[in-house]
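An overview of the molecular structure
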Amino acid sequence: MEFTREIYWNVGHGIVTLAPMYLFTAVALAVLVYGFLRRLKIYRLGRPVERTDAPLARAAEMLRTMLLQTKVLRVTGPGLAHAFFFWGFFLLFIGTGLIVVQADFTNLLFDYVFLKGTFYKVFSVTLDLAGLIAIVMLLGLFVRRWVMRPPGLESKTDDMVMHGLLLTILITGFVIEGARMAVTELGSPIAGWSPVGLAVAKLMAGMSPELLLDMHRGLWWFHLLLALLFIGLIPYTKLRHIVTTGVSAFFADRGPTGKLVTLDLENEAAESFGAAKVTDLTWKDLFDTDACTSCKRCQDRCPAYATDKPLSPMQVIARIGEQAVEYPEGNLIEAVGRNAIWSCTTCRACQEICPAGIEHVGKIVEMRRNLVLMEGEFPGDEVMTAMEQLEVNGNPLGLGYASRGDWAEGLGLSSPEESDILYFPGCYGSFDKRNIAVAKSFVALCQAAGIRVAILGKEEKCCGEPARKMGNEYLYQTLAAENIATIQGFGIKKIVTTCPHCFNTLNKDYRDLGLDCEIQSHPDFLAELIAQGKLLVDGGPFACTYHDSCYLGRHNNIYDTPRELIELAGGEIAEMEKNREQSFCCSAGGGRILAEEKLGTRINIKRVEMAAATGAGLLLANCPFCLTMFEDGVKGANIEESLKPKDIAEVLAERLQV
Amino acid sequence: MKLLVCIKQVPDMESKFKIGTDGWYDREGLAWRMNEYDEYGVEQAVQLKEQTGADLTVLCLGPEQVKETMKKALAMGCDRGVHIADDQSHLKDPYEIASIIAEFARDKNFDLIFTGMQSQDRASAQVGVMVAELMGLPAVTTIVGFAYADGKVTVKRELEGGVKATVEVAPPVLVTCQLGLNTPRYPTLPNIMKAKKKELLSIPAADLHKASGLQETAKIEFPAKKGGGVFLEGEVSTIADRLIGILKEKTAVLA
């Protein structure tokens, strides 16, 4: 016998079936297209931004994100359920597509049938299992959302509609199959190739054929209308993420990671800088708001949210989205809220985890730029004072610029012209007592390796990173231009930093302003020296935990080298729960180093408590801001005696073998 | 209405000072900024300009480099700048400086002149009042509150012992500004850009320099290092007793 089935069995092949079916389908597709065209009008409110270069790589990334569910799967529980649901549903979509192709094209026009024989067997069993998996996963997600109700997960009408609709479509599909099989396939060997349908058919076996036929016909139309409703609803509900999340991956920022857009401040035609209303954001920023599924993964990882500050990256995106629809010319900053805007540490935890590729940090910085450049507003007077100090003395601490190089007196540094590397210690390495110790350790390591080190001394200025992240693009560009002129004036070939903020800024942001020499972070540089055999460190085993700074970790993907360095020096790392890509900010990023933390609880205390929970007495860092915050945090948490924060360079210098 | 605000460029007080060879501090290796008290003057003048639509001139005496500081005042909202070019201004005494300013301002019909209460470097607190005296204007010093309405200026003066006086005065008048008057604004980017194009007139000091100084700097030296702080250690109750003893002995706070 031929393994196949009759498409349109029982519902009829004639015009009576096809005409309304095609008509309804056309209506659903029209509603879908109309809905997206309306959304498109919203995206077009945004400013232009180039996101179509390297289209093939972008398409590959989009397909990878969608089909392999790579980003969704980074959170295992709900991620797995979503991925399997997606795969199940996707197979059903393909299966339905094959039926359409055969029934409405190849068979209709050329009498060609391909859903038969072995292919039909595979088709049938695959779709049956896909449907079952989709139902099980959807039920799991249903229980999570409506029964377990994880904190922070908002459930709206959209979610109810999605769950209800999808579940009904899947279940009616099996009931229709069961009814058909109860009449046509029970007892036949073909039934085994539809195991779920067979199970349903067996349940219906006692029913009269008339009832089965009526039920089949009724449910077939019901199922079709629900499926078309699903299609039509896509642009109007959160279902739109089926399209927008994937497309967002296509339009993703292709890096360098975390590099901000350099504003053209001399542009005479620019009436405004930064974002005061949604139309000041880019179209991708507005598109992002449609890609968001409110999965709250960003919110779960936001250090500001975790310490009761009025910032949730998810809510920022939601507010921008509402504003774009309702008041595109309205005040965006009021809608998002100043306290939310200023609370961000630009740690990038939100952006890193976002399965929809949403770019939160850039939007927040754009709003800050507007507040600072157009309104002269800061989160507090202390920040304004720090800005003025940066203008006058080139450091936010307000210390005399001429003493910037005093820390290195007597260390035997070389002149920039005769050096192997220029060491850029930054403001904290130059002026802050605790971080001067780190700078000295770094110099000691270099000198032990025979590297001639120079500094710019009083000619060095703040790299401008805290000012920039606070929105003060003008001050940043002023400081950057002076630093670049100085560095180029000495013909420097290579710069090493001990501050990841300096590293990220010099290595990425300064490129736009003309800096072209090599920049290296101190863990990378020291690892090279060790690999070349120029540096020998060993001091027996010691226990520690290691904190990934946001700017070495998430911003620059440097996770392994610092760990290898620590292990080379004898360190046994007890990892904190939040490590690597999910590391928890120290609180000082995003220019927050300049600001008092007045809202909620202290981020740094929360972080040192996580470090203390590892039981290791040593907290290793790679960033002067982190170190400063941890020194403060251990005092605040009253664990000064049991937890010592140190920079990697310090432990290496202590264990230096000469 | 015409307003004048007089500002001075001073070294940042965190700078490392060295005594120079010309009877004043060495000007090398210092970071420069607007005198803090003058910032309050600029802010108040800009607020008054915004309130009344007045025309606001900022004046600064000194070498070429003071133009940087004047640009900040222009970015904060002053309409035009008058730079009295003088490479030796740091060696002039308050009377000479006041004479130069008065000479400039005499025929300009300013309704209000703002100056800082004193400069952070020389701290004589004389220039403002002497300008008023030389121009025959009333002067109100150390103001911490300012209001202008119905052609009258109402200011709050800070007196000794936390007492404040309210003074009402009709323009023309000169006021000297004290900490607490206002919070100086941070210039916005469009205003910084506009400031670059504002009129900045330079007048050689010699053109206005008609009086000679009345003071002579005899000597300049760092204060002798005296004993630093005192650490009280031990039990809280004994520390408290010792603190009360010191306060009674050395201060009047418990009197």
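Every value quoted in this text rests on a predicted model; they were computed, and no experiment measured them.

**A short note on the environment of arginine 180 of chain A**
All names here are of chain A. As for its placement among the helices and strands, arginine 180 is situated in helix H5 (residues 157-184). Assessed through the 23 C-beta atoms surrounding it within 10 Å, arginine 180 is described here as buried. Taking C-alpha positions, arginine 180 is 76 Å from valine 438, a pair spaced 258 residues apart along the chain. Setting aside chain neighbours within four positions, we find arginine 180 in contact with Trp9, Asn10 and His216.

**As for the sheet that holds strand S10 (residues 173-177) of chain B**
Residue and element names in this part refer to chain B. Strand order across the open sheet formed by 9 strands is S9-S8-S7-S10-S6-S1-S4-S5-S11, with mixed pairing between neighbours. Looking along the sheet, the strands with just one partner apiece sit at the ends: strand S9 (164-169) and strand S11 (200-204). Ignoring which end each strand starts from, the neighbouring axes of this sheet average 30° apart. Where strand S8 (residues 152-158) and S9 come together, 6 bridges link them in antiparallel fashion. Following the sheet pairing, valine 153 is matched in S9 by valine 169. Helix H1 (residues 36-52) rests against strand S1 (2-7), strand S4 (55-62), strand S6 (112-116), strand S7 (139-149) and S10 of the sheet, and its axis sits at about 155° to S6. Seen against the sheet, helix H2 (residues 66-76) touches S1, S4, strand S5 (80-85) and S11 and runs at an angle of roughly 165° to S4.

**Here we look at helix H22 (residues 500-507) of chain A**
The periodicity of an α-helix, 3.6 residues per turn, causes residues three or four places apart in sequence to face the same way. Residue and element names in this part refer to chain A. Counting buried residues along H22, 8 of its 8 residues qualify, which places the element largely inside the surrounding structure. All of the buried residues in H22 are Pro500, His501, Cys502, Phe503, Asn504, Thr505, Leu506 and Asn507. Against the buried residues of H22 lie strand S1 (421-424), helix H18 (426-431), helix H20 (465-469), strand S3 (494-497), strand S4 (518-521) and helix H26 (624-636).

**Quick notes on the sheet that holds S3 of chain A**
All names here are of chain A. Spatially, 4 strands are ordered S2-S1-S3-S4 in an open sheet, and the strand pairing comes out parallel. Each edge of the open sheet carries a strand with a single partner, namely strand S2 (453-454) and S4. Looking at chain direction, S1 and S2 are connected through 2 bridges and run parallel. Note on S2: the bridge partner recorded for isoleucine 421 is valine 453. Along the sheet, H22 contacts S1, S3 and S4; its crossing angle with S4, the most-contacted strand, is approximately 155°.

**What about the domain arrangement of chain A?**
Here chain A is partitioned into domain 1 (15-240), domain 2 (278-375), domain 3 (386-530) and domain 4 (534-654). Put simply, the middle of domain 1 of chain A and the middle of domain 4 of chain A, counted by C-alpha atoms, are 48 Å apart.

Here is what the cut-offs are and how they apply
- Residues numbered from 1 in each chain as written.
- Chains lettered and ligands numbered in written order.
- Predicted model: local features only at pLDDT ≥ 70, side-chain atom pairs only at ≥ 80, totals over all residues.
- Helix = DSSP H or I, 4+ residues; strand = E, 2+ residues; numbered from the N terminus.
- Buried ≥ 20, exposed ≤ 12 C-beta atoms within 10 Å, placed from the backbone.
- Contact = placed C-beta atoms within 7 Å.
- Pairing = 2+ DSSP bridges.
- Axes fitted to C-alpha atoms, helices over the stretch in contact; angles between N-to-C directions.
- Domains from an automatic or database assignment.

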